[in-house]
2 protein chains.
Amino acid sequence: MAATYTQPVQALIDELGRLPGIGPKSAQRIAFHLLKAPTGDVTRLSHSISDAKARVRFCSRCFNFAEGDLCPICLDDRRSAQVLCVVEESSDIVALEKTGEFHGRYHVLLGAMSPLEGIGPEQLKIKELFARIGAEGVEEVILCTNPNTEGEVTALYIARMLKPFDIRVTRIASGLPVGGDLEYADELTLGRALTGRRDISA
Amino acid sequence: MAATYTQPVQALIDELGRLPGIGPKSAQRIAFHLLKAPTGDVTRLSHSISDAKARVRFCSRCFNFAEGDLCPICLDDRRSAQVLCVVEESSDIVALEKTGEFHGRYHVLLGAMSPLEGIGPEQLKIKELFARIGAEGVEEVILCTNPNTEGEVTALYIARMLKPFDIRVTRIASGLPVGGDLEYADELTLGRALTGRRDISA
């Protein structure tokens, strides 16, 4: 009596179940979808995985995704080396680039400090950040880690370690989102928005 | 200014986003996970996809997953051909096999009727089911589609079409789950449990 799937199906479900945010039920659903889908579609998925893995590495300077040694941003010599924006992940670079407000370089930490998950400064690209400060003539470091516990702890740690370097260290502003509603803001955000208030010259 | 990811990363996110239940955020999360993961793990995933796709097909008789022409259950000649259990998906076979209560054969419809999604009887393996009735000497068909709208409609449709065949057609029982609590049962289930009450011989 066969109480499980044939081996290749079970192997596929197991592998899919190892992905973040994919439980056993979703893994099964995706596996069934793939087995029913046209072979072309499935080949495209499997190829895109191996292709990305083979072609993409981390930029040797800033740890953004790169196809060569350096990422497109580090290769762009119109970008200022004086201002360095520190982020947790490459996805944050995409978000920041969309604003069109930043013209310096980035440094990707590849995560944030999280004692609960056993992620300390050594697991992040923090040592590499300090090495860049002198080498590239950085004058300001903007700490753009997420405004949550892990991101705040990481920003605070880096700020403290950057003290001896005599450069400007700033933190991205927390406050009310544009288009938001004061009434619906949580107290923490509202509190931050108050503390971070700025003079207006009218 | 690079406002998106390098091409292989974007392609990977796009392909992952086409999977059922995977939104753009999850696709990005999984893509980042894969790019950071050890190459061996990623190769195993990509291989398991192409391997399953290459080796697994549908059983030519019952449309369960199979590695050859027939699935392990159809190949097992200890299983009775007289009783046929009709299910929506291969996953239902796994669930039913775990009970150890059924020793006949299965027929997988590969879905359920759903007018909203444009799935009619022609999209399901219903024609193939009728062909089996005479050919295999089936004496009873147990309709084991899900106890939801789509499953009920499908069961009703098949039951009606099986009328001319002068065989026993049954529907899996709906009622209270074993170990459940009457108080917390929804009215529909409780209603079904009442209607489906059985004599007990004590």
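Residues numbered from 1 in each chain as written. Chains lettered and ligands numbered in written order. Predicted model: local features only at pLDDT ≥ 70, side-chain atom pairs only at ≥ 80, totals over all residues. Heavy atoms only, no water.

Trainee: So what's going on with the overall build of chain A? Residues and values would help.
Mentor: Each helix and strand counted, chain A has eight helices and six strands in total. Moving toward the C terminus, one meets the helices and strands of chain A in the order α-α-α-β-β-α-β-α-β-α-β-α-β-α. Its C-alpha atoms give chain A a radius of gyration of 22 Å, more than 25% over the compact-globule value 17 Å for 202 residues. Along the longest, intermediate and shortest principal axes, the C-alpha atoms of chain A span 75 × 45 × 35 Å. When each of the 202 residues of chain A is scored for burial, the buried share is 43%. Contacts in chain A between residues at least 24 apart in sequence constitute 47% of all its contacts with a sequence separation of at least 6. When the accessible surface of chain A is summed, it comes to about 11,400 Å², and 55% of that surface belongs to carbon and sulfur atoms. (Helix = DSSP H or I, 4+ residues; strand = E, 2+ residues; numbered from the N terminus. Rg over C-alpha atoms; globule rule 2.2 N^0.38 Å. Buried < 20%, exposed > 50% of the residue type's maximum accessible area, 1.4 Å probe, protein only. Contact = heavy atoms within 4.5 Å. Areas by Shrake-Rupley, 256 points an atom, 1.4 Å probe, with all protein chains shown as cover.)

Trainee: I'd love a proper account of the side chain of D76(B), names of residues and values included.
Mentor: All names here are of chain B. Residue placement: D76 occurs in the loop between α4 (72-75) and β3 (83-87). A residue is classified by how much of its surface remains accessible, and D76, at 14% relative accessible area, is buried. Side-chain polar atoms of D76 contact the backbone nitrogen of R78, separated by 3.0 Å. (Polar contact = N/O pair within 3.5 Å; in protein donor to acceptor, adjacent residues only side chain to side chain.)

Trainee: Can you lay out the relation of the copies chain A and chain B for me, pointing to particular residues and giving the numbers?
Mentor: Once turned by 180° and shifted 0.0 Å along the axis, chain A lies on chain B with an RMSD of 0.1 Å. Those values place the two copies in the arrangement expected of a two-fold rotation axis. Taking the C-alpha atom as reference, chain A places S46(A) closest to the rotation axis, 2.6 Å from it. Most of the interface of chain A is mirrored in chain B: 98% of its interface residues are interface residues there too. (Least-squares fit on C-alpha atoms with pLDDT ≥ 70 in both.)

Trainee: Can you lay out the interface of chain A and chain B for me, pointing to particular residues and giving the numbers?
Mentor: Between chain A and chain B, the residue contacts involve 57 residues of the former and 56 residues of the latter. Summed over both partners, the interface of chain A with chain B comes to about 5,100 Å²; 71% of that surface belongs to carbon and sulfur atoms. Across the chain A-chain B interface, the total number found is four salt bridges. Note that K36(B) is salt-bridged to E89(A), the shortest N-O span being 2.8 Å. (Buried area = accessible area lost by both parts, 1.4 Å probe. Salt bridge = Lys/Arg side-chain N within 4 Å of Asp/Glu carboxyl O.)

Trainee: Help me get a handle on the domain arrangement of chain A, residues and values and all.
Mentor: On domain assignment, one finds that chain A holds domain 1 (7-55) and domain 2 (74-199). Using only C-alpha atoms to locate each centre, domain 1 of chain A and domain 2 of chain A end up separated by 35 Å. (Domains from an automatic or database assignment.)

Trainee: Describe the packing of helix α2 (residues 24-36) of chain A against helix α3 (residues 39-55) of chain B, naming the residues involved and giving the relevant values.
Mentor: Where α2(A) contacts α3(B), the two axes come as close as 9 Å, and the packing angle between them is 50°. Relative to α3(B), α2(A) is oriented oblique. Here α2(A) and α3(B) pass one another in a crossing that is right-handed. Residue-level contacts link L34(A), L35(A) and K36(A) of α2(A) to I49(B), A52(B) and K53(B) of α3(B). In the contact of α2(A) with α3(B), the residues fall into four nonpolar, no polar and two charged. (Axes fitted to C-alpha atoms, helices over the stretch in contact; angles between N-to-C directions. Parallel < 35°, antiparallel > 145°, perpendicular 65-115°, else oblique. Left-handed = near helix turned anticlockwise from the far one by under 90°. Nonpolar A, V, L, I, M, F, W, Y, C, P; charged D, E, K, R; others polar.)

Trainee: Requested: an account of the sheet that holds strand β6 (residues 168-171) of chain B, with residues and values cited.
Mentor: Residues and elements named next belong to chain B. Ordered by their spatial adjacency, four strands build an open sheet running β4-β3-β5-β6, and the pairing between neighbours is parallel. In this open sheet, the two strands that pair with only one neighbour each are β4 (105-108) and β6. Recorded for the sheet is a direction-independent mean angle of 25° between the axes of neighbouring strands. Pairing of β3 with β4, which is carried by four bridges, proceeds in the parallel orientation. Residue pairing in the sheet places V87 in a bridge with V108 of β4. Each of β3 and β4 touches helix α5 (residues 90-99); the most contacted strand, β4, lies at about 155° to it. Set on the sheet, helix α7 (residues 149-162) makes contact with β3, β5 (140-143) and β6; between it and β6 the angle comes to about 170°. (Pairing = 2+ DSSP bridges.)

Trainee: I'd like a rundown of the packing of helix α3 (residues 39-55) of chain A against α3(B), residues and numbers included.
Mentor: Between α3(A) and α3(B), the least distance of the axes is 10 Å, while the angle of their chain directions is 165°. Overall, the two elements α3(A) and α3(B) adopt an arrangement that is roughly antiparallel. Crossing angle aside, the handedness with which α3(A) passes α3(B) is left-handed. Contacts between α3(A) and α3(B) involve T39(A), V42(A), L45(A), S46(A), I49(A), S50(A) and K53(A) on the former and, on the latter, T39(B), V42(B), L45(B), S46(B), I49(B), S50(B) and K53(B).

Trainee: Please provide a residue-by-residue account of the pattern of salt bridges, values included.
Mentor: Tallied over the entire structure, the rule returns 28 salt bridges over all chains. A salt bridge links E97(A) to R79(A), with the nearest nitrogen and oxygen atoms 2.9 Å apart. You can see E97(A) sitting in helix α5 (residues 90-99) and its partner R79(A) sitting in the loop between α4 (72-75) and β3 (83-87), a full 18 residues away along the chain. By relative accessible area, R79(A) is classed as buried at 7%. Via salt bridges that share partners, E15(A), R18(A), D41(B) and R44(B) belong to a single interconnected network.

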